[in-house]
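# Descriptive structure summary
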Amino acid sequence: MTMEIILGEELKDIWKEIDLQPERVAKLAIGAKKSKDYMSVELNEWESILSEIITGDVFGADRIDYLLRDSYHTGVAYGKFDHYRLIDTMRILPKEGADGSQEPVLGVEEGGLESAEALLLARYFMFSQIYFHPVRLIYDQHLADFLKSWLGEGMFPTDYKEHLKYTDNEVISGMLSIARDKSHPAQAQAERIVRRRHFKRIYRPAAEDQKFLEPGRKIYEAASEKFGEENVKHIQRTQDRRKSFFPVLIQGARISEAASEKETFSNIPLASCENVFISPEMKEQADVWLSGKREEILSSAGGE
């Protein structure tokens, strides 16, 4: 769909006005992928570097931007790092390919290692503290449930022209309207969001619970049986694995790997979370029930 939007009629006049070839924009936007409907995407060395600057896993501008922007708008410091220093020390360096050839990729000078390290740690902390925050997760789930009930066939249109007709305005307006319409099948989901009647967390696996087999799933299944599946949610997430290996220019002469210079790059963990939520109307009852049944439920999950 990204390819269709970029090459579509809606953006045609914009590309013409700023004198850009939409095919080249599309190549950089989707990277080294194939599109059977439009073109075979083959990037040359410089296009690969440009694509990495825009969307790369380590130094992509998009990833740097969302950390700083989300950190600012949520009022936390987890996503902040010295991006000025990182950009100043960034270099195009040779990296040996699988066939022994030298391919140009983005790397940093030795003095930028700490900034690159801070970037990867900032990503981990933002996932563990913000993106995987239980309230954020449950509202994501409520929104997904609402959209499945509200949209035709439970999904956004796959035709890009129809897809572009949906913006935040249409979704929010529809949600506000449906929240007041008790006859609509999506009313309950809309009201959860509009009235802030979101599900509440009743369980998160503690460290000592890891000795049991799938503790979150077992609590979810027991709670669903007790309170009804429609009143319980089980949400489990793991941060996407992104490469953290890149070349480093040492003393302006020698090329090394980041992981060889700092162990941190090989040991940065992936943020993960698991939560069981319940309808707020049943939260107090569920807490009492779980406090008396927790050990019994977990023990039945496979034992120690």
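The rules behind the values
- Residues numbered from 1 in each chain as written.
- Predicted model: local features only at pLDDT ≥ 70, side-chain atom pairs only at ≥ 80, totals over all residues.
- Heavy atoms only, no water.
- Buried < 20%, exposed > 50% of the residue type's maximum accessible area, 1.4 Å probe, protein only.
- Helix = DSSP H or I, 4+ residues; strand = E, 2+ residues; numbered from the N terminus.
- Pairing = 2+ DSSP bridges.
- Axes fitted to C-alpha atoms, helices over the stretch in contact; angles between N-to-C directions.
- Contact = heavy atoms within 4.5 Å.
- Phe/Tyr/Trp six-rings, centres within 6.5 Å; stacked < 30°, edge-to-face > 60°.

## Observations concerning the pairing of strand β9 (residues 272-278)
For β9, the tally of buried residues reaches six of seven residues, placing the bulk of the element in the interior. Here strand β5 (residues 200-203) runs beside β9; their pairing, made up of three bridges, is antiparallel. Within β9, the position partnered with Arg-201 by the bridge is Phe-277. Inspection of the sheet shows strand β6 (residues 232-238) paired to β9 by seven bridges, in the antiparallel sense. In the sheet register, Thr-238 faces β9, and the bridge partner there is Ser-272.

## Points about the sheet that holds strand β4 (residues 102-109)
Sheet architecture is open: four strands sit in the order β3-β4-β7-β8, paired in mixed fashion. Strand pairing shows two members of the sheet lacking a second neighbour, β3 (90-96) and β8 (254-257), which therefore form its edges. Sheet twist, expressed as the mean angle between neighbouring strand axes with direction ignored, is 45°. As defined by bridge partners, β4 adjoins strand β7 (residues 247-250) across two bridges and the pair is classed as parallel. Considered in β7, the bridge of Glu-109 is made with Leu-249. The strands touched by helix α4 (residues 45-55) within the sheet are β3 and β4, with β4 carrying the most contacts at an inclination of about 35°.

## Structural notes on the packing of aromatic side chains
Scanning the entire structure with this criterion turns up ten aromatic pairs. On the numbers, 6.2 Å between centres and 65° between planes, the contact of Tyr-66 with Tyr-131 is edge-to-face. Separated by 65 residues along the polypeptide, Tyr-66 in helix α5 (residues 61-74) and Tyr-131 in helix α7 (residues 113-131) bring together distant segments of the chain. Taking the centre distance of 5.5 Å and the plane angle of 75° together, the rings of Phe-156 and Tyr-166 count as edge-to-face. Here Tyr-166 lies in the loop between α9 (160-163) and α10 (168-179) and Phe-156 lies in the loop between α8 (134-150) and α9, a separation of ten residues in the sequence.

The analysis is restricted to geometry; functional conclusions fall outside its scope.
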